[in-house]
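Remarks on the overall topology
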Amino acid sequence: MGPVTESPTAATAAPAATGPKQARSRVTRRHLLEAAVSCLAEHGWAGSTVSAVAERAGVSRGAAQHHFPTREDLFTAAVEYVAEERSTALRDLFHAGPAARPAVVEALVDLYTGALFRAALQLWVAASNEDQLRPRVTELEARVGRETHRIAVELLGADESVPGVRETVQGLLDMARGLGLANVLTDDAARRARVVAQWSRILDTTLG
């Protein structure tokens, strides 16, 4: 008879059992959030349902509702998640701190193009007509807006104690949002490039 080995206790066995399950849960949640943003960007609020997102993510509707009990939970979480991912990517792009202003301005403008902005836009339009959704989207937009402003200040090396600097940075973000809105209908990359160059000159004058 071979050597006697000690059976694992419940405490030591639990991590092996729950670890992979928790990992799968995180992956499922991420797939749902990414699918929700894509669905919202492509089909709008009216065409985006929990069932459609679940099918796109490759999970059951029940699994989707386990993570996000309501439709509002799912889509507001999705926009917030992708916004955070984009913010992290933006910081990683300029990990050394303040960078050349034209590059920063162009990167900030890029935040307002693509699937994320289209999804957020659909959410804003829906919130303007749905009382249940409006406060959640208003809070989300304020939170994302504050974080984007902080990132812009950090990357531009802006000193907001100087009069006019804060308003200039916010004006840059408002301009970027406007370019993103225009891009929903047409891709006017040439005009966008000229506007980015002009804003870089404005920032050089204002920020020093």
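Structural data are supplied above this passage.
Quick summary incoming for the structure in this document.

What counts as what
Residues numbered from 1 in each chain as written. Predicted model: local features only at pLDDT ≥ 70, side-chain atom pairs only at ≥ 80, totals over all residues. Heavy atoms only, no water. Core = buried A, V, L, I, M, F, W, Y, C linked by side-chain atoms within 4.5 Å. Buried < 20%, exposed > 50% of the residue type's maximum accessible area, 1.4 Å probe, protein only. Helix = DSSP H or I, 4+ residues; strand = E, 2+ residues; numbered from the N terminus. Contact = heavy atoms within 4.5 Å. Salt bridge = Lys/Arg side-chain N within 4 Å of Asp/Glu carboxyl O. Phe/Tyr/Trp six-rings, centres within 6.5 Å; stacked < 30°, edge-to-face > 60°. Lys NZ or Arg CZ within 6 Å of the ring centre and 35° of its normal. Expected span 1.5 Å × (residues − 1). Arc of directions from axis to C-beta.

**Comments concerning the nonpolar core**
By size, the foremost hydrophobic cluster in this structure holds 32 residues, and its most contacted members are Val53, Phe75, Val79 and Leu123. Residue assignment for this core shows that the elements contributing at least two residues are helix H1 (10–43), helix H2 (50–57), helix H4 (71–93), helix H6 (115–129) and helix H7 (134–156). In this view, phenylalanine 75 contacts Ala36, Leu40, Trp45, Ser48, Thr49, Val53 and Leu123; residues no more than four positions away in its chain are not counted.

**Describing the side chain of threonine 113**
Within the secondary structure, threonine 113 is located in the loop between helix H5 (101–110) and H6. With residues near it in sequence (within four places) discarded, threonine 113 still touches Arg86, Gly180 and Asn183.

**Comments concerning the pattern of salt bridges**
Tallying each qualifying case throughout the model produces 12 salt bridges. Arginine 56 serves as the salt-bridge partner of glutamate 42, at 2.7 Å between the closest nitrogen and oxygen. Highlighted residues: glutamate 42 in helix H1 and arginine 56 in helix H2, separated in sequence by 14 residues. Using a relative accessible area of 39% as the deciding quantity, one classes arginine 56 as partly exposed. As a salt-bridge pair, glutamate 147 and arginine 91 come within 2.8 Å of each other at their nearest N and O atoms. Highlighted residues: glutamate 147 in helix H7 and arginine 91 in helix H4, separated in sequence by 56 residues.

**A short note on the packing of aromatic side chains**
The final tally for this structure, using the stated rule, is 3 aromatic pairs. With a centroid separation of 6.0 Å and 75° between ring planes, the pair formed by tyrosine 112 and phenylalanine 117 is classed as edge-to-face. Of the residues examined, tyrosine 112 reaches a relative accessible area of 10% and is grouped as buried. Phenylalanine 117 sits in the buried class, given a relative accessible area of 4%. Among the aromatic residues, those joined into a ring-pair cluster are Tyr112, Phe117 and Trp124. In this structure, arginine 71 is placed above the aromatic ring of tryptophan 45, and the distance from its NZ or CZ to the ring centre is 3.9 Å.

**Considerations on helix H8 (residues 165–185)**
What sets the pattern is the α-helix's 3.6 residues per turn: residues three or four places apart point alike. Along its 21 residues, H8 runs 31 Å from first to last C-alpha, staying within 8% of the 30 Å computed at 1.5 Å per residue. Listed in full, the buried residues belonging to H8 are Val165, Thr168, Val169, Leu172, Leu173, Met175, Ala176, Leu179, Gly180 and Asn183. Down the axis of H8, the buried side of the element spans an arc of 155°, and every buried residue falls inside it. Away from its buried face by more than 90 degrees, H8 exposes Glu167 and Leu185. At its buried positions, H8 is contacted by H5, H6, H7 and helix H9 (189–207).

**Regarding H5**
Among the residues of H5, those classed as buried are Arg101, Val104, Val105, Ala107, Leu108 and Val109. Where the residues of H5 are buried, they touch H4, H7, H8 and H9.

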